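Residues per chain are reported as follows:
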Amino acid sequence: MTAFVLVSGPFTGGWLWEETVAPLRAAGSEAYPVTLTGMGAGTLTGTGDPTPARIGDRQDDGAGSAVDLETHIDDLVRLIDDIDTPRVVLVGHGYGLHPVLGAADRRPERVARIVSLDTSLPEDGEAAVRSVPDPAVRARVADVAAGSGEVDGSDGSDGGERAGGGGVDGGRVSPPGPGEWARWGSTEGVPAEALERLERLATPQPAGTLAQPLRLTGAAAALPTTGILCTAGGSGIDVVRMLVESGPPQFRALADDRMRYFDLGTGHWPMLSAPQELAELLRRAAAGEGHRLTVPEAADERPAHLLPFLLDVPEVPRERHGRVDMHLPDADGPRPAVVFVHGGPVSPDQRPTPRDTPFLLGYGRYAASLGAVGATPDHRLHGLADFPPAAEDLAEAVELVRADPRVDGERIALWFFSAGGLLAADWLAVPPPWLRCVAMTYPALAPLPGWGTVESRFRPVDAVGAADGPPIVLTRAGREHPAFAATVEEFLTAAARQGTHVEIVDVPHGRHGFELVDPTEESRAAVRRAMRAVLGHLRS
């Protein structure tokens, strides 16, 4: 017999799983829909008609301050210890995946499989606050992680604007209000009565549960894991495949043999929108079924970001100034500069960092070989919530470059790649007079589906044409991932509507990251053409 332990996302409890529990039990499985300490009446356990019973023994002080992630991990560990079935399947949805992984780390011998329900697997040291969609609430909850504990709204505010999630008051994060739940995950497919029930029964989330980092020993690292991806929110097996094939190297772990995947054609709340289908996928996951991804076979076993740059460019003098490297041309007098902005997210532990990879070394040297300063900054885009600090890093890098006496500070170009394209929004919205060109290569120009934690400020599709702006050079990969390509088309439509001219450089057979993964003559010609266009605008 399979025993499922079901742990839902923030503001909810065991009641959320009611319609999924019934078919699981009807098929002969045990099902334990959990209500964690501080989240309501308790856990629903056993078979037949469940009776609520609190599983946490730590008392909530009424303000949520006594409840944190460790409390919820303890809850699950005690429940696992009380279940007679030798091994259990732990299912985590949203925030619920944090205590699930924590409990699996403590009782790996009791866990048959982990199921991640429409939720990215957090890493050791990662707090759930990173997934909170409201930046104001993220900042307030982060005070808990910093040790200030000042999240009680004593400054007279409600803890942040309500768009996308509640404020922070009395050590708790209030749940989304009516019409706001979609910011926490697509509500597509949820019947009106189920959505009303979600809004009515939701309870505030203790802030400490979101602020406390998840600490893992690695004891559960080899456990079989299944991802159920709800495609209406923008996730799906194709998106995971994109990350494995051309994303940052840490995503190769998603193709590990222990990983399996299912697509489910609904929104982020399948226990409300597709409970029967969800129950069936949970049973199949427990049986080890699911789609497996593989890392593409290649003669060169190096990850894509370490493959050689497609052009053979000469080495030039390189200077390091804090986060910024400057590749210097052999020229007298101040020269124009191109600042190359990498994409991501990039793990903060990745070595080499982006500016030391063949990709940015190649672009920086290429610009310098043609007479411009090539600046290659590292920035802090480590997660989808990190666009604001990345934008700060970019602004500081640009000022550092402009202040250098070898740079003509009135002739600067910014060149954005991949998800770094979202950082172009600030510069397109209010372009400074010295910004002579904005270049973008296979960019994301609006947050991709499911990227709810990205602030609305980072939408180049809304910023283009908002003011008299610089020329735009956009390089498109013909074999681009559909989610990226859709944002490019949206951007071009907006640019045409505003009368903004965009010079397009096409690479018909190129993939995302073609400078590394498709070193063809077509790709080389496209890089040369784009660089000529950018330098031409700097010299005009």
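Everything numeric in this text was worked out from a predicted model, so none of it was measured.

Engineer: Let's hear about the confidence of the model for the protein chain: which residues, and what values?
Structural biologist: Residue-level pLDDT values for the protein chain average 88, and 88% of them are 70 or greater. Counting interchain partners and residues more than four positions distant, the pLDDT-below-50 stretch residues 42-54 has 35 contacts. Counted against residues more than four places away or in other chains, residues 148-164, with its pLDDT under 50, gives 50 contacts.

Engineer: Account for the packing of aromatic side chains, naming residues and giving values.
Structural biologist: Applying the stated criterion across every chain yields a total of 16 aromatic pairs. Summarising the aromatic geometry, the rings of Trp181 and Trp269 are spaced 5.6 Å apart at their centres and angled 80° between planes, so their arrangement reads as edge-to-face. Of the two residues, Trp181 sits in the loop between β8 (172-173) and α5 (192-201) while Trp269 sits in the loop between β11 (259-264) and α8 (270-273), which places them 88 residues apart along the sequence. Aromatic pair Phe387 and Phe458: ring centres 5.6 Å apart, planes at 40°, arrangement tilted.

Engineer: An account of helix α1 (residues 18-26) is needed here, citing residue identities and associated values.
Structural biologist: For the α-helix, the turn length of 3.6 residues means that residues three or four positions removed from each other point alike. Of all the residues in α1, the buried ones are Thr20, Val21, Pro23, Leu24 and Arg25. Its buried side turned inward, α1 meets β1 (3-7), β2 (30-34), α8 and α9 (275-286). Backbone geometry just after α1 places Gly28 at a positive phi near 95°.

Engineer: Go over the side chain of Thr475 with me, naming the residues and quoting the values.
Structural biologist: Secondary-structure assignment places Thr475 in strand β18 (residues 472-477). Beyond its immediate chain neighbours, meaning those up to four positions away, Thr475 contacts Met440, Thr441, Tyr442, Pro443, Val505, Val507, Phe514 and Ala530.

Engineer: Could you give me a rundown of the nonpolar core, with the residues and numbers involved?
Structural biologist: The biggest cluster of nonpolar side chains holds 67 residues, and the ones touching the most others in it are Val5, Trp17, Ile228 and Leu282. Among the elements that make up this core, the one with the highest residue count is helix α2 (residues 69-82) (6 residues). With sequence-adjacent residues up to four places away left out, Trp17 is seen in contact with Leu6, Val7, Ser8, Pro33, Val91, His93, Leu117, Met271 and Leu278. The next biggest cluster of nonpolar side chains, apart from the first, holds 51 residues, and it includes Val373, Leu422, Trp434 and Val438.

Engineer: Just give me the short version of the sheet that holds strand β16 (residues 407-417), but keep the residues and values in it.
Structural biologist: With mixed pairing, the 8 strands of this open sheet are ordered in space as β12-β13-β15-β14-β16-β17-β18-β19. The outermost strands of the open sheet, each flanked by one partner alone, are β12 (318-321) and β19 (502-507). Direction aside, neighbouring strands of the sheet carry axes that sit 20° apart on average. Strand contacts of helix α11 (residues 387-403): β12, β13 (324-327), β14 (335-341), β15 (373-377) and β16, with the helix running at about 150° to β16, the strand carrying the most contacts.

Engineer: I'd love a proper account of the pattern of salt bridges, names of residues and values included.
Structural biologist: Summed over the entire model, instances satisfying the criterion amount to 35 salt bridges. Residue Arg380 is joined to Asp393 by a salt bridge in which the shortest nitrogen-to-oxygen separation is 2.8 Å. With a gap of 13 residues between them, Arg380 in the loop between β15 and α11 and Asp393 in helix α11 connect regions that are remote in the sequence. Across the pair Arg402 and Glu410 runs a salt bridge whose closest N-O atoms are separated by 3.2 Å. You can call Glu410 partly exposed: its relative accessible area is 43%. Through salt bridges with shared partners, a single network forms among Arg318, Arg320, Asp325, Arg355, Asp356 and Asp378.

Engineer: Can you break down the packing of helix α10 (residues 358-369) against helix α16 (residues 521-539) residue by residue, with the values?
Structural biologist: Two elements in contact, α10 and α16, have axes whose closest approach is 11 Å; the angle formed by their N-to-C orientations is 55°. When the axis of α10 is compared with that of α16, the two are oblique. Between α10 and α16 lies a crossing of right-handed hand. Side by side, α10 and α16 meet where Tyr363, Tyr366 and Ala367 of the first sit next to Val527, Arg528 and Met531 of the second. Partitioning the contact of α10 with α16 into residue classes produces 5 nonpolar, no polar and 1 charged.

Engineer: Any details on the sheet that holds strand β5 (residues 88-93)? Residues and values, ideally.
Structural biologist: Strands sit in the order β2-β1-β5-β6-β10-β11 across an open sheet of 6 strands; the sheet is parallel. Two strands lie at the open edges of the sheet, namely β2 and β11, each paired on one side alone. Each adjacent strand pair in this sheet contributes to an overall mean axis angle of 20°, direction not counted. Sheet topology note: the β1/β5 ladder contains 5 bridges and is parallel. Directly across from Val7, in β5, lies its bridge partner Gly92. The sheet strands contacting α1 are β1 and β2, and the helix crosses β2 at an angle near 165°.

About the criteria used
Residues numbered from 1 in each chain as written. Predicted model: local features only at pLDDT ≥ 70, side-chain atom pairs only at ≥ 80, totals over all residues. Heavy atoms only, no water. pLDDT = per-residue confidence, 0-100. Contact = heavy atoms within 4.5 Å. Phe/Tyr/Trp six-rings, centres within 6.5 Å; stacked < 30°, edge-to-face > 60°. Helix = DSSP H or I, 4+ residues; strand = E, 2+ residues; numbered from the N terminus. Buried < 20%, exposed > 50% of the residue type's maximum accessible area, 1.4 Å probe, protein only. Core = buried A, V, L, I, M, F, W, Y, C linked by side-chain atoms within 4.5 Å. Pairing = 2+ DSSP bridges. Axes fitted to C-alpha atoms, helices over the stretch in contact; angles between N-to-C directions. Salt bridge = Lys/Arg side-chain N within 4 Å of Asp/Glu carboxyl O. Parallel < 35°, antiparallel > 145°, perpendicular 65-115°, else oblique. Left-handed = near helix turned anticlockwise from the far one by under 90°. Nonpolar A, V, L, I, M, F, W, Y, C, P; charged D, E, K, R; others polar.

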